[in-house]
Amino acid sequence: MTSFLFVILGLTVLVIGAESLVKGASGLALSFKISPLVVGLTIVAFGTSAPELFVSIKSALEGHPDLAFGNVLGSNMCNITLILGVTALIFPVAVQKNILNFDWPIAFLSIILLYVLTLDHNVSLLDGAIFVSMILLYNFILIRMSRKETIAKIEEGSVNSKALDFKELVKDVLFIAVGSVGLVFGAE
């Protein structure tokens, strides 16, 4: 019974931590003129994946790398089939052209790369470095493209510019900090 209560408590803290992290990071990103789509593709994606990241790191450190690998695959399958599927059942999901031309090929490439790199039945330090480098490069390119588009829209007047508010920035950073702490303890 105690284990069950710890699982429920851990899941609750993970959800609250992820929500706080996503709220703070989204506010911070939007303050720096990054589009909502990019916020979804980066900040929200990282925030909602952070619990899995912490659980996977914890399980790998405790000698259960198979749990970490299963968590990654299961999470991706669940995100595509369950979450996108249920969302589309409720309301059709519009797919922008740039997602089909840029984001989908990157996602597909990462799946193929995972398959190729695991043919030796091992995910090595080099494999991990390749994946981390890919996500960093992808996010750098995505944010750079988004800022250019958003600034161009501000200059043409189709989007209003919002001045940076120090109080909002501090609040967003606090949400990020609280969310990160919650994720660490929730994963534990």
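Before any of the text, the structure's been laid out above.
These numbers come from a predicted model, not from an experiment.

Peer 1: How would you summarise the overall build of the protein if you had to cite specific residues and measurements?
Peer 2: Each helix and strand counted, the protein has six helices and zero strands in total. Mapped in sequence order, the helices and strands of the protein form the string α-α-α-α-α-α. Counting only C-alpha atoms and orienting by the principal axes, one finds that the protein spans roughly 55 × 40 × 35 Å. Of all 188 residues assigned to the protein, the portion counted as buried reaches 23%. Across the protein, the fraction of contacts at a sequence separation of at least 24, relative to all contacts at a separation of at least 6, is 74%. Roughly 13000 Å² of accessible area belongs to the protein as shown, and the carbon and sulfur atoms make up 74% of that amount. Across the protein, the mean location of the 11 positive side-chain charges is 12 Å away from that of the 14 negative side-chain charges.

Peer 1: Please provide a residue-by-residue account of the packing of aromatic side chains, values included.
Peer 2: All told, the structure shown has two aromatic pairs when counted by the stated rule. When the ring of Trp 104 is compared with that of Phe 108, the centres are 5.6 Å apart and the planes differ by 45 degrees; the resulting orientation is tilted. Remark: Phe 108 and Trp 104 occur in helix H4 (residues 97–117); sequence separation between them is four residues, near one turn of the helix. A residue is classified by how much of its surface remains accessible, and Trp 104, at 46% relative accessible area, is partly exposed.

Peer 1: Now, about a nonpolar patch on the surface: what can you tell me, with residues and values included?
Peer 2: A surface patch of nonpolar side chains, amounting to about 990 Å² of accessible area, comprises Leu 84, Val 93, Val 95, Leu 100, Trp 104, Phe 108, Ile 112, Tyr 115, Val 116 and Leu 119. A per-element tally of the nonpolar patch places H4 first, with six residues. Secondary-structure assignment places Ile 112 in helix H4. For Ile 112, a relative accessible area of 40% gives the class partly exposed.

Peer 1: Please set out the pattern of salt bridges residue by residue, giving values where relevant.
Peer 2: Per the stated rule, a full pass over the model turns up two salt bridges. Between Lys 171 and Glu 168 there is a salt bridge, with its nearest N and O atoms 3.3 Å apart. Taken as a pair, Lys 171 and Glu 168 lie in helix H6 (residues 166–187) at a separation of three residues, close to a single helical turn. Accessibility expressed as a relative area gives 37% for Lys 171, which makes it partly exposed. A residue is classified by how much of its surface remains accessible, and Glu 168, at 29% relative accessible area, is partly exposed.

Peer 1: Break down the packing of helix H1 (residues 2–31) against H6 for me, with residues and values.
Peer 2: The N-to-C vectors of H1 and H6 enclose an angle of 155 degrees; their axes lie 7 Å apart at closest approach. Put simply, H1 runs roughly antiparallel to H6. With respect to the hand of their crossing, H1 and H6 are arranged in left-handed fashion. Grouping the amino acids of the contact of H1 with H6 by side-chain chemistry returns 13 nonpolar, 10 polar and two charged.

Peer 1: Help me get a handle on H4, residues and values and all.
Peer 2: In a regular helix each residue adds 1.5 Å, so 21 residues correspond to 30 Å; H4 covers 30 Å between its end C-alpha atoms and thus fits that length. Those residues of H4 lying buried are Asp 103, Leu 113, Leu 114 and Leu 117.

Peer 1: So, the side chain of Asn 71: which residues are in play, and what are the values?
Peer 2: With respect to the helices, strands and loops of the structure, Asn 71 is situated in helix H3 (residues 65–90). Accessibility expressed as a relative area gives 19% for Asn 71, which makes it buried. Within the structure, Asn 71 has its side chain in polar contact with the backbone oxygen of Glu 52 (distance 3.1 Å). When residues no more than four places from it in sequence are discounted, the contact partners of Asn 71 are Glu 52, Val 55 and Ser 56.

Cut-off values and rules
Residues numbered from 1 in each chain as written. Predicted model: local features only at pLDDT ≥ 70, side-chain atom pairs only at ≥ 80, totals over all residues. Heavy atoms only, no water. Helix = DSSP H or I, 4+ residues; strand = E, 2+ residues; numbered from the N terminus. Buried < 20%, exposed > 50% of the residue type's maximum accessible area, 1.4 Å probe, protein only. Contact = heavy atoms within 4.5 Å. Areas by Shrake-Rupley, 256 points an atom, 1.4 Å probe, with all protein chains shown as cover. Lys, Arg positive; Asp, Glu negative; His and termini not counted. Charge placed at Lys NZ, Arg CZ, Asp CG, Glu CD. Phe/Tyr/Trp six-rings, centres within 6.5 Å; stacked < 30°, edge-to-face > 60°. Patch = residues over 30% accessible without salt bridge, like charges linked within 9 Å, V, L, I, M, F, W, Y side chains within 5 Å. Salt bridge = Lys/Arg side-chain N within 4 Å of Asp/Glu carboxyl O. Axes fitted to C-alpha atoms, helices over the stretch in contact; angles between N-to-C directions. Parallel < 35°, antiparallel > 145°, perpendicular 65-115°, else oblique. Left-handed = near helix turned anticlockwise from the far one by under 90°. Nonpolar A, V, L, I, M, F, W, Y, C, P; charged D, E, K, R; others polar. Expected span 1.5 Å × (residues − 1). Polar contact = N/O pair within 3.5 Å; in protein donor to acceptor, adjacent residues only side chain to side chain.

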